[in-house]
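Residues per chain, in single letters:
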Amino acid sequence: MQNFVFHNPTRILFGEGQIAAIGPEIPSGARVLITYGGGSVVKTGTLAEVKAALGDIPFLEFGGIEPNPTYETLMQAVELARREKVDFLLAVGGGSVIDGTKFIAAAIPFEGEPWDILAKHAPIARAVPFGSVLTLPATGSEMNAASVITRSATRDKLAFIDPSVFPRFSVLDPTKTYTLPPRQIANGVVDAFVHIAEQYLTYPADAKVQDRFAEGLMLTLIEEGPKALAEPENYAVRANLMWTATLALNGLIGAGVPQDWATHMVGHEITALHGLDHAQTLAVVLPAMLQVRRFDKRGKLLQYAGRVWGLREGDEDARIDAAIERTRDFFESLQVPTRLSGYGIGAEAIAPLVDQLERHGMTALGERQDVDLARSREVLELAL
Ligand code: NZQ
Ligand code: ZN
């Protein structure tokens, strides 16, 4: 096991009715800015519930944060918050709203051009504190310090990670996910699954607990994902799905183990150029990525085949092939296509995607930094 520091300061308020408990989580005297997305929380009543829970706490609102949140929109919130001297943010929505709120939180006190936080990894001296009310289990943003922001003008989709943007608290009420369209539930299952894969399908590191946690989370997604689609108001299923997605990317299973993230980096470029949902890009890239890197990942792929898919007999290469095919079939069974052609994207798209990777310095990806541009190209070709 590798050395690690693990610290996760986010308080989780889990379960039905927990929105009512947010008042005491907000510092007394705070001026709050509620942030939300394109209006789902207005329609579902979640926003009204949040406002009611705030009671006498004064608040402003900023809506319109889009999926794959943009710098352009978020800077309007930064201006509003600076003007109104907001000192606490409350994100109500999915990963995009929470990621966007992290950027707003870091940008408000930032001196200089806030885009540098993403483009130049400019250090963040401090961030405005914030909490979240999660409505879409997928990204883990509700309990991590990562944020992914898109600049529409230049088609850059970049990430930053900083301990100052851990949410102070997050409410995870599974009933708030009942209104999700099937596509977003499927996206959430795929995204969480690939988060686990990025931290587990690398090389053996004698990290038994992390491995078994990862396998348990994957097995839970395989069991509960289809049920979440079939029975949208099954509380137990949604509760298991929600907690699994959070644990998939809150630092726990990634502590002390090598991490990959090449699938995500290639996926971000597909979203930036072609507008696919984040999880759709992962469903396309992961099976091809595993196939191209099967020799480097052999030990873990065999463990994955055996412990997650029950493939323990016969030729080792055949087991690896079957495990990759099972992964693909699982995503397809959730109605998430796993080939670029499934989204109308052909071979002509590959060169611009590789150029984007180069422009963003994504030239040595993966747990061994050996996924260069040629390998990324190979992955994309196999994903056609
Ligand atoms: O915008 P509204 O109207 O709220 O609608 C949203 C949006 O259209 C809708 N939605 C959310 N909750 C709902 C709902 N509709 C009905 N009922 C509800 N309860 O769902 C749509 C998608 O929402 P979005 O927040 O974009 O989805 P997701 O949570 O999958 O977030 C994706 C973003 O997170 C980033 C992705 O790159 C992408 O930008 N990621 C963030 C990570 C992190 N912070 O650690 C890691 C991930 O790998 C990922 O990169
Ligand atoms: Zn993801």
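Each chain has its residues counted from 1, running along the sequence as written. Labels are handed out in written order, letters beginning with A for the chains and numbers beginning with 1 for the ligands. Residues qualify for local features only when their pLDDT is at least 70, as the model is predicted, and side-chain atom pairs are given and counted only at 80 or more; totals for whole chains, interfaces and linings, by contrast, use all residues. The side-chain values count all of the structure's non-hydrogen atoms but skip hydrogen atoms and water molecules.

Where an unreviewed UniProt entry is consulted, the protein appears under the name Alcohol dehydrogenase (NADP(+)), with the organism given as Thiocapsa marina 5811. UniProt positions are given in the numbering used here, feature names are shortened, and annotations may be inferred rather than shown by experiment. The record in UniProt for the protein states the following under Sequence similarities (unreviewed entry): "Belongs to the iron-containing alcohol dehydrogenase family." The Cofactor (unreviewed entry) field of the UniProt record for the protein holds the comment "Fe cation".

## Details of the coordination of the zinc ion (ligand 2)
Because no water is among the atoms considered, metal sites can look incomplete, with donors defined as N, O and S atoms within 2.8 Å of the metal, or 3.2 Å for Na, K and Ca. The protein atoms that coordinate the zinc ion (ligand 2) are Asp-191 (OD), His-195 (NE2), His-264 (NE2) and His-278 (NE2), at distances spanning 2.0 to 2.2 Å. Sequence spacing of the donor residues for the zinc ion (ligand 2), all on one chain, is D-x3-H-x68-H-x13-H. Here the residue His-195 occupies a position in helix 6 (residues 182-200), and His-278 occupies one in helix 10 (residues 278-292), the gap between them amounting to 83 residues. Accessibility assignment for this pair places His-195 and His-278 in one class, buried. For the purposes of this entry, the term helix denotes a DSSP run of H or I that reaches at least four residues, the term strand denotes a run of E that reaches at least two, and both are numbered from the N terminus. Any residue under 20% of the maximum accessible area for its type is buried, any over 50% is exposed, and the rest in between are partly exposed; the area is computed with a 1.4 Å probe on protein chains only.

## Describing a nonpolar patch on the surface
For patch building, the residue pool is restricted to those with more than 30% relative accessible area and no salt bridge; the joining distance is 9 Å between like charges and 5 Å between nonpolar side chains (Val, Leu, Ile, Met, Phe, Trp, Tyr). For accessible areas, the Shrake-Rupley method is used with a probe of radius 1.4 Å. Any residue's cover is judged against the shown protein chains and nothing else. Criterion for a salt bridge: a side-chain nitrogen of Lys or Arg within 4 Å of a carboxyl oxygen of Asp or Glu. Together, Met-1, Phe-4, Phe-6, Val-209, Phe-213 and Leu-252 make up a nonpolar patch on the protein surface, roughly 570 Å² of accessible area in all. Within the secondary structure layout, Val-209 lies in helix 7 (residues 208-230).

## Section: the sheet that holds strand 4 (residues 88-93)
In this analysis, strands are considered paired if DSSP registers two or more bridges between them. Spatial ordering of the open sheet is given by 1-8-5-4-2-3, a layout of 6 strands whose pairing is parallel. Strands with a single pairing partner mark the edges of an open sheet, and in this sheet they are strand 1 (11-14) and strand 3 (59-62). On average, each strand axis in the sheet is inclined to that of its neighbour by 20 degrees, with strand direction left out of account. With 5 bridges connecting them, strand 2 (residues 32-36) and strand 4 associate as parallel partners. Looking at strand 4, one finds that Tyr-36 is bridged to Val-92. Lines fitted to C-alpha atoms define the axes here, with helix axes fitted over just the stretch in contact, and angles between the N-to-C directions of these axes take values from 0 to 180 degrees.

## Considering the domain arrangement of the protein
Partitioning the protein into domains gives domain 1 (11-176) and domain 2 (181-382). Residue ranges assigned to the domains are those given by an automatic or database domain assignment. A C-alpha centroid distance of 26 Å is found between domain 1 and domain 2. Contact criterion: two residues are considered in contact whenever any of their non-hydrogen atoms come within 4.5 Å of each other. Every contact between the two is made by 24 residues of domain 1 and, on the other side, 24 residues of domain 2. In this description, buried area is defined as the sum, over both parts, of the accessible area (probe of 1.4 Å) that is lost when the two are combined. In this assembly, domain 1 packs against domain 2 so that about 2,100 Å² is buried in total across both faces, 65% of it on carbon and sulfur atoms. When the area that domain 1 buries against domain 2 is broken down by residue, the three leading residues are Pro-137, Arg-155 and Lys-157, summing to 29%. Where domain 1 touches domain 2, the interface holds 1 salt bridge. A salt bridge links Arg-359 to Asp-156, with the shortest nitrogen-to-oxygen separation between them at 3.0 Å. Polar contacts, as counted here, are pairs of nitrogen or oxygen atoms within 3.5 Å of one another; within protein the pair requires one atom able to donate a hydrogen and one able to accept it, and residues that are adjacent in sequence qualify only if both atoms are side-chain atoms. In this assembly, domain 1 and domain 2 are joined by 7 residue pairs in polar contact (both at pLDDT 80 or more). Contributions of two or more residues to the side of domain 1 that touches domain 2 are made by strand 1 and strand 7 (156-161). Taken together, the residues that form the side of domain 1 that touches domain 2 break down as 11 nonpolar, 7 polar and 6 charged. Under the grouping applied here, Gly and all other residues not named as nonpolar or charged are polar, the nonpolar ones being Ala, Val, Leu, Ile, Met, Phe, Trp, Tyr, Cys and Pro and the charged ones Asp, Glu, Lys and Arg.

## Some remarks on helix 2 (residues 46-54)
Within helix 2, the full set of buried residues consists of Thr-46, Leu-47, Val-50, Ala-53 and Leu-54. Taken down its axis, helix 2 places every buried residue within 125 degrees of arc, on the same side. In the core, the buried residues of helix 2 are packed alongside strand 2, helix 1 (40-44), strand 3, strand 4 and strand 5 (130-134). The positive-phi residue at the C-terminal boundary of helix 2 is Gly-55, with phi of around 60 degrees. Relevant arc is that of directions from the helix axis to the C-beta atoms, nothing else.

## Some words on the pattern of salt bridges
Tallied over the entire structure, the rule returns 21 salt bridges. Asp-211 is the salt-bridge partner of Lys-300, the closest N and O atoms lying 3.1 Å from each other. Of the two residues, Lys-300 is situated in helix 11 (residues 298-309) and Asp-211 in helix 7; the sequence distance between them amounts to 89 residues. Taken individually, Lys-300 and Asp-211 each receive the classification buried, so the pair is uniform in this respect. Here Asp-370 makes a salt bridge to Arg-375, at a shortest N to O gap of 3.7 Å.

## So, the site of ligand 1
One heavy atom within 4 Å of a molecule or strand makes the whole residue count as near it. Near ligand 1 lie 31 residues; those nearest to it are Gly-38, Ser-40, Gly-95, Ser-96 and Asp-99. Within the contact set of ligand 1, an oxygen atom lies 2.6 Å away from a side-chain nitrogen or oxygen of Ser-96. For ligand 1, a nitrogen atom lies 2.8 Å from a polar atom in the side chain of Thr-135. Where the shell around ligand 1 is concerned, the elements lending two or more residues are helix 4 (95-107), strand 6 (146-151), helix 6 and helix 9 (262-274). Broken down by class, the residue content of the shell around ligand 1 amounts to 9 nonpolar, 18 polar and 4 charged.

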